[in-house]
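What follows is each chain in one-letter form.
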Amino acid sequence: MQLNNPELLKNASFINGQWLTSETVFEVENPANGQIVGTVSEVTPGQLEMAVNSAYAACEVWQSKTVDERAVILKSWNDLIRDNQQDLAQIMTAEQGKPIHEAIGEVAYGASYIEWYAEEGRRIKGSVLPNNQQGRRALVQQTPVGVVSAITPWNFPGAMLLRKASAALAAGCTFIVKPSELTPFSALALAELSLQAGIPPGVFNVVIGSNAQPIGEVLTLHPKVAKFSFTGSTAVGKKLLSQCASTVKKTSMELGGNAPFIIFEDADIDKALDGLMRSKFRNAGQTCVSANRIFVHQSLHDELVERLRLMVSELTIGDGQDETTQIGPLINLKAVEKVEKLVAQAVTSGAKLVLGGEKIKNSGYFYQPTILTGVKPFMDIFNQEIFAPVASIIAFEQEDQVIQLANQTNYGLCSYAYTNNANRIWRLSEKLAFGMVGINEGVLSNALAPFGGIKESGMGREGGHWGIEEYLETRYVCIGNVE
Ligand code: ADP
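In this report, we go over the structure that sits alongside the text. What you see is a predicted model; the values in this text were computed from it and never measured.

Right, let's get into the site of the ligand. In the vicinity of the ligand lie 17 residues, with Thr 152, Trp 154, Lys 178, Glu 181 and Ser 233 positioned nearest. In this structure, an oxygen atom belonging to the ligand sits 2.8 Å away from a side-chain N or O atom of Trp 154. Between Glu 181 and the ligand, the recorded distance is 2.6 Å, taken from a side-chain N or O atom to an oxygen atom. Calculation on the ligand without its partners gives an accessible area of 550 Å², and the protein chains cover 78% of this total. Residue assignment for the shell around the ligand shows that the elements contributing at least two residues are α7 (212–221), β10 (225–231) and α8 (234–245).

Further remarks concern the nonpolar core. Residues Ile 262, Phe 295, Leu 308, Ile 381 and Val 390 are the most contacted members of the largest nonpolar core, which totals 67 residues. If we skip the residues at most four places from it in the chain, Ile 262 touches Phe 295, Phe 396, Val 402, Ala 406, Tyr 416, Ala 417, Tyr 418 and Leu 432.

Moving on, we get to the sheet that holds strand β16 (residues 390–396). Strands pair in a sheet through their backbones, by hydrogen bonds, and they do so in one of two ways: parallel or antiparallel. Across the sheet, seven strands lie side by side as β14-β15-β16-β13-β12-β17-β18; this open sheet has mixed pairing. For this open sheet the edge positions go to β14 (352–355) and β18 (436–439), each flanked by a neighbour on one side alone. Averaged over all pairs of adjacent strands, the angle between their axes in this sheet comes to 25 degrees, without regard to strand direction. For β14 and strand β15 (residues 370–373), the ladder comprises three bridges, and the chain directions are antiparallel. In the strand pairing of β15, Leu 353 is matched with Leu 372.

For helix α13 (residues 399–406), the full list of buried residues reads Glu 399, Val 402, Ile 403, Leu 405 and Ala 406. For α13, the angular spread of the buried residues around the axis is 165 degrees, confining them to a single face. Turning to α13, the residues buried within the fold contact β12 (259–263), β13 (291–297), α12 (380–383), β16 and α14 (422–431).

Taken as a whole and judged by the stated rule, the model has 11 aromatic pairs. Between the aromatic rings of Trp 116 and Tyr 117, the centroid separation amounts to 5.3 Å while the plane-to-plane angle is 85 degrees, which identifies the pairing as edge-to-face. With a centroid separation of 6.1 Å and 80 degrees between ring planes, the pair formed by Phe 295 and Phe 382 is classed as edge-to-face. One end of the pair, Phe 295, is in strand β13; the other, Phe 382, is in helix α12, with 87 residues separating them in the sequence. Exposure remark for Phe 295: the relative accessible area of 0% places this residue in the buried category.

What counts and what doesn't
Residues numbered from 1 in each chain as written. Predicted model: local features only at pLDDT ≥ 70, side-chain atom pairs only at ≥ 80, totals over all residues. Heavy atoms only, no water. Near = heavy atom within 4 Å. Polar contact = N/O pair within 3.5 Å; in protein donor to acceptor, adjacent residues only side chain to side chain. Areas by Shrake-Rupley, 256 points an atom, 1.4 Å probe, with all protein chains shown as cover. Helix = DSSP H or I, 4+ residues; strand = E, 2+ residues; numbered from the N terminus. Core = buried A, V, L, I, M, F, W, Y, C linked by side-chain atoms within 4.5 Å. Buried < 20%, exposed > 50% of the residue type's maximum accessible area, 1.4 Å probe, protein only. Contact = heavy atoms within 4.5 Å. Pairing = 2+ DSSP bridges. Axes fitted to C-alpha atoms, helices over the stretch in contact; angles between N-to-C directions. Arc of directions from axis to C-beta. Phe/Tyr/Trp six-rings, centres within 6.5 Å; stacked < 30°, edge-to-face > 60°.

Given below as structure tokens:
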């Protein structure tokens with residue numbers, strides 16, 4: 001990696017404003033070529049305890065600042081991230097594999113949350129209630145929850161962290177994050193910039209380890225941690241949620257998805273294809289809001305499949321560092337094996353392979369962009385998160401039928417529909433059982449809007465004023481006997 005600022009490449013946990021190494025290290029691999037990006041120290045149990053204690057102590061320092069002071073520091077972090085956008089993107093692509101232009105976009109997207117929450121911190125408001133008894137006054141305050149711990153995934157190593165940390169810090173909380181062991185360097189680079197921005201020691205901490213479970217236990221069981229925020233799989237989320245129950249922590253859970261992408265007979269097919277390409281193939285399909293089940297009206301099916309086949313067959317696959325790459329590798333061998341199994345099972349059960357369907361034989365973890373038609377609800381590929389560049393297509397005829405099929409999942413994160421019928425748009429916005437509904441739009445997320453799911457896709461929202469409320473407590477103060 002040729003970084004303009006090599007200082008950004010750190011190899012140890014960042015705790016209380018210091019870089020803490022240990023005797024044990026682990027390697028981080030580049031999924032595009034199997035080469036080692038670097039080694040990182042494993043956090044020790046003592047360092048983890050120190051992280052919690054310093055975040056706890058730093059609450060006083062951070063909360064004693066005025067909202068304006070906090071906003072200035074957060075804005076400086078945002079500026080530094082934007083100044084170092086290219087380097088941060090290079091680090092991200094090296095450890096995660098996504099095309100460099102997507103990594104550049106992710107850095108800006110992540111920073112946009114800091115920019116937005118730096119301002120939103122100024123708009124945290126309490127209230128004064130009307131008196132309902134003589135001599136009494138009632139106030140409602142919005143106070144920071146305290147120490148927030150978080151665990152973030154590898155698919156958006158920068159943005160998932162910043163979506164949480166920006167809102168938590170703006171609310172006056174302190175923060176400890178464990179990024180994925182597959183992508184620790186992006187988080188550590190953000191920590192270096194937090195230091196340069198003047199975020200006080202202990203306010204923002206990053207703990208690194210290859211064994212997630214014991215670290216997760218400290219972050220979810222420790223009595224000094226008030227709130228836990230997770231982005232990752234539903235299976236791990238359920239486990240961590242139950243761990244949080246022992247100390248009744250507040251929690252936010254951004255878990256898996258199984259997004260339907262419905263193209264009705266009256267859709268603008270060009271726009272639908274454009275939205276589908278972005279929703280399905282961004283990050284090689286490794287996003288929790290990727291189109292997972294593509295429902296196409298019978299009357300458009302053959303035309304759409306053919307046009308999609310032409311577009312997908314032109315995608316440039318390769319190392320994300322190459323500017324022309326549109327599809328990078330999957331994150332690791334396990335991910336390739338998972339998609340191989342899903343596709344094989346679908347094909348043996350009657351789905352038709354229109355394009356792709358093979359692992360690419362090179363030193364990275366590449367899987368061909370793939371199109372399957374004739375997918376049925378009993379197939380695993382209909383029910384599981386694919387997390388790979390596989391477009392799984394189902395033909396339908398009736399609106400009621402497709403809504404019922406779209407909702408036939410325990411997940412409820414994101415959904416998409418393309419139609420030009422205004423009445424249908426209203427019906428879909430009310431009947432699709434998902435936390436997010438994109439109508440004639442394939443990429444929805446931004447700092448102003450509430451991102452999050454219902455059902456087993458989780459609870460809580462990131463973005464907008466909903467996002468900061470996750471880090472605030474409501475306190476009722478009743479003052480009696482006022483004369
Ligand atoms: P994915 O399937 O997308 O890799 P995971 O839920 O496995 O999602 O991982 C998301 C995050 O959760 C990562 O930071 C990972 O290290 C962490 N994680 C995985 N298993 C556990 C666990 N048992 N306890 C705590 N954290 C975990």
